[in-house]
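Descriptive analysis of the structure
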Amino acid sequence: MAEAYIVDALRTPTGKRKGSLSHMHGADLGAHALKALVERNAIPAEDYDDVVFGCLDAIGPLAGNIARTCWLAAQLPLHVPGVTIDRQCGSSQQAVHFAAQAVMSGTQDVIVAGGVQTMTQIPITSAMLAAKPLGFSDPFSGSKGWVERFGTTPVSQFLGAQMIADKWEISRREMEEFSLASHQRARRAQAEGRFARELLPTEGLTQDETVRDTTLEQMAQLEPLAPGGSITAGVSSQTGDAASAMLIVSEAALKRYNLTPRARIHHMSVLADDPIYMLTAPIPATHHAMKKAGMKLDDIDLVEINEAFAPVVLAWFKETGFPHQKTNVNGGGIALAHPLGATGTKLMTTLLHELERTKGRYGLQTMCEGGGVANVTIIERL
């Protein structure tokens with residue numbers, strides 16, 4: 001079977017809500033990443049086959065096929081197309097899958113997979129708010145089939161997170177300890193320069209600006225998102241503004257342009273679970289991926305699992321037995337934010353660089369996604 005290779009990967013720092021990148025148009029933020037990726041690799045810009053970008057609920061300045069707009073805003077060749085993917089939080093991880101599948105099928109040789117999200121300008125609730133003048137209160141209102149199957153239980157990531165905490169008996173204290181570790185790991189990674197090779201300075205910003213110096217005592221003072229609940233802002237991912245991009249190529253492209261591959265896409269899969277719990281799919285998706293890949297979790301050196309909410313990862317630990325010390329070793333979304341459409345390739349960029357730093361071989365990435373879906377990607381460092 002043909003192989004798909006990762007030649008390069010980069011990301012902008014993540015700007016906090018109303019922070020250093022909040023004024024940037026999404027096309028310009030994505031263009032910044034694309035231009036840098038093209039300029040630092042020995043492939044003529046006119047030889048790129050496609051740009052596959054993730055972006056969630058693309059409205060306003062993120063609408064109109066933002067993948068294509070980013071490429072054009074970077075002053076890159078007109079004939080190169082672009083396509084925007086919305087698999088909710090896994091959008092740019094799915095972009096990697098589509099890019100790799102195109103390369104492995106032999107239909108394309110040089111593809112950028114990435115994503116962009118400007119959450120300061122387009123908050124996560126914007127799509128629902130935009131639908132209200134049209135008479136829709138949420139994406140499921142008016143669907144008889146949905147109500148017949150799932151009833152009228154609200155579909156909410158916050159409700160899902162609380163349901164997971166309750167089902168797996170995860171205490172607020174456990175979640176806060178996990179969240180504190182995320183910030184501490186991210187702060188250590190910044191201090192040690194672990195992100196230096198993957199970060200693309202943007203508008204004067206050279207580090208993720210979402211990492212907090214917090215304490216368990218401070219987190220304990222936060223009000224729950226719902227009365228009587230245990231989910232607070234402190235155990236949830238932060239919103240952010242960011243772009244990320246990876247260069248995926250074929251073996252033919254490696255030879256044609258004399259490129260050195262940094263990793264190989266070893267496995268790709270996607271699986272779904274209960275859409276009301278919404279955030280549990282990484283558990284069965286991981287087991288499914290291990291079986292399909294003919295591997296055991298003991299074979300995996302590092303894991304990146306998106307910290308949408310602390311209980312998502314803690315439940316995954318309980319069900320897989322994978323150790324925390326090999327998971328999100330440089331912090332996760334609680335400290336480093338979750339810029340939705342950019343997160344998939346953002347995490348994979350970090351995973352690749354950390355495998356290189358530690359000389360690990362296999363890295364696994366998974367993340368919960370709207371609709372109860374989860375992608376799994378395994379990369380092999382070369």
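Coordinates for the structure precede this section.
First, a word on what this report is: a plain description of the structure on this page. Quantities reported herein were computed from a predicted structural model and do not represent experimental measurements. (Residues numbered from 1 in each chain as written. Predicted model: local features only at pLDDT ≥ 70, side-chain atom pairs only at ≥ 80, totals over all residues. Heavy atoms only, no water.)

1. Some points on the sheet that holds strand 5 (residues 241-249)
Taken together, the nine strands give an open sheet; going across it, the order is 3-2-4-5-1-6-9-8-7, and neighbouring strands pair in mixed fashion. Of all strands in the sheet, those with a lone pairing partner are strand 3 (82-85) and strand 7 (302-305), marking the two edges. In this sheet, neighbouring strand axes are inclined to one another by 25 degrees on average, regardless of whether the strands run parallel or antiparallel. For strand 8 (residues 362-369) and strand 9 (residues 373-381), the ladder comprises eight bridges, and the chain directions are antiparallel. Looking at the pairing, Leu364 lines up with Ile378 of strand 9. (Pairing = 2+ DSSP bridges. Helix = DSSP H or I, 4+ residues; strand = E, 2+ residues; numbered from the N terminus. Axes fitted to C-alpha atoms, helices over the stretch in contact; angles between N-to-C directions.)

2. Brief notes about the pairing of strand 8
Of all eight residues in strand 8, eight are buried; the element is thus mostly enclosed. Of the two faces of strand 8, both are covered, the one formed by Tyr362, Leu364, Thr366 and Cys368 as well as the one formed by Gly363, Gln365, Met367 and Glu369. By the bridge criterion, four bridges tie strand 7 to strand 8 in an arrangement that is parallel. Residue Val303 lies in a different strand from strand 8, and its bridge partner there is Leu364. If you look at the hairpin formed by strand 8 and strand 9, you'll find three residues sitting between the two strands, and Gly371 has a positive phi there, around 90 degrees. (Buried < 20%, exposed > 50% of the residue type's maximum accessible area, 1.4 Å probe, protein only.)

3. Things to note about the packing of aromatic side chains
Enumeration according to the criterion identifies six aromatic pairs in this entry. Between the aromatic rings of Trp146 and Phe150, the centroid separation amounts to 4.5 Å while the plane-to-plane angle is 45 degrees, which identifies the pairing as tilted. Of this pair, Trp146 and Phe150 both sit in helix 5 (residues 144-150), four residues apart, which is roughly one turn of the helix. A relative accessible area of 19% means that Trp146 is categorised as buried. (Phe/Tyr/Trp six-rings, centres within 6.5 Å; stacked < 30°, edge-to-face > 60°.)

4. Brief notes about the packing of helix 3 (residues 91-105) against helix 13 (residues 343-358)
Across the interface, helix 3 lies against helix 13 with an axial gap of 5 Å and an inter-helix angle of 70 degrees. Our classification of the angle between helix 3 and helix 13 gives roughly perpendicular. In contact with Ser92, Gln93 and Val96 of helix 3, helix 13 contributes Thr343, Gly344, Thr345 and Met348. Within the contact of helix 3 with helix 13, the residues separate by chemical class into two nonpolar, five polar and no charged. (Parallel < 35°, antiparallel > 145°, perpendicular 65-115°, else oblique. Contact = heavy atoms within 4.5 Å. Nonpolar A, V, L, I, M, F, W, Y, C, P; charged D, E, K, R; others polar.)

5. What to know about helix 3
Here helix 3 contains 15 residues, and its C-alpha end-to-end distance of 21 Å stays within 8% of the 21 Å for a straight helix at 1.5 Å per residue. Where burial is concerned, most of helix 3 is hidden: 11 out of the 15 residues are buried. Within helix 3 the residues assigned to the buried category are Ser91, Ser92, Gln93, Gln94, Ala95, Val96, His97, Ala99, Ala100, Ala102 and Val103. A positive phi of about 85 degrees marks Gly106, the residue just after helix 3. (Expected span 1.5 Å × (residues − 1).)

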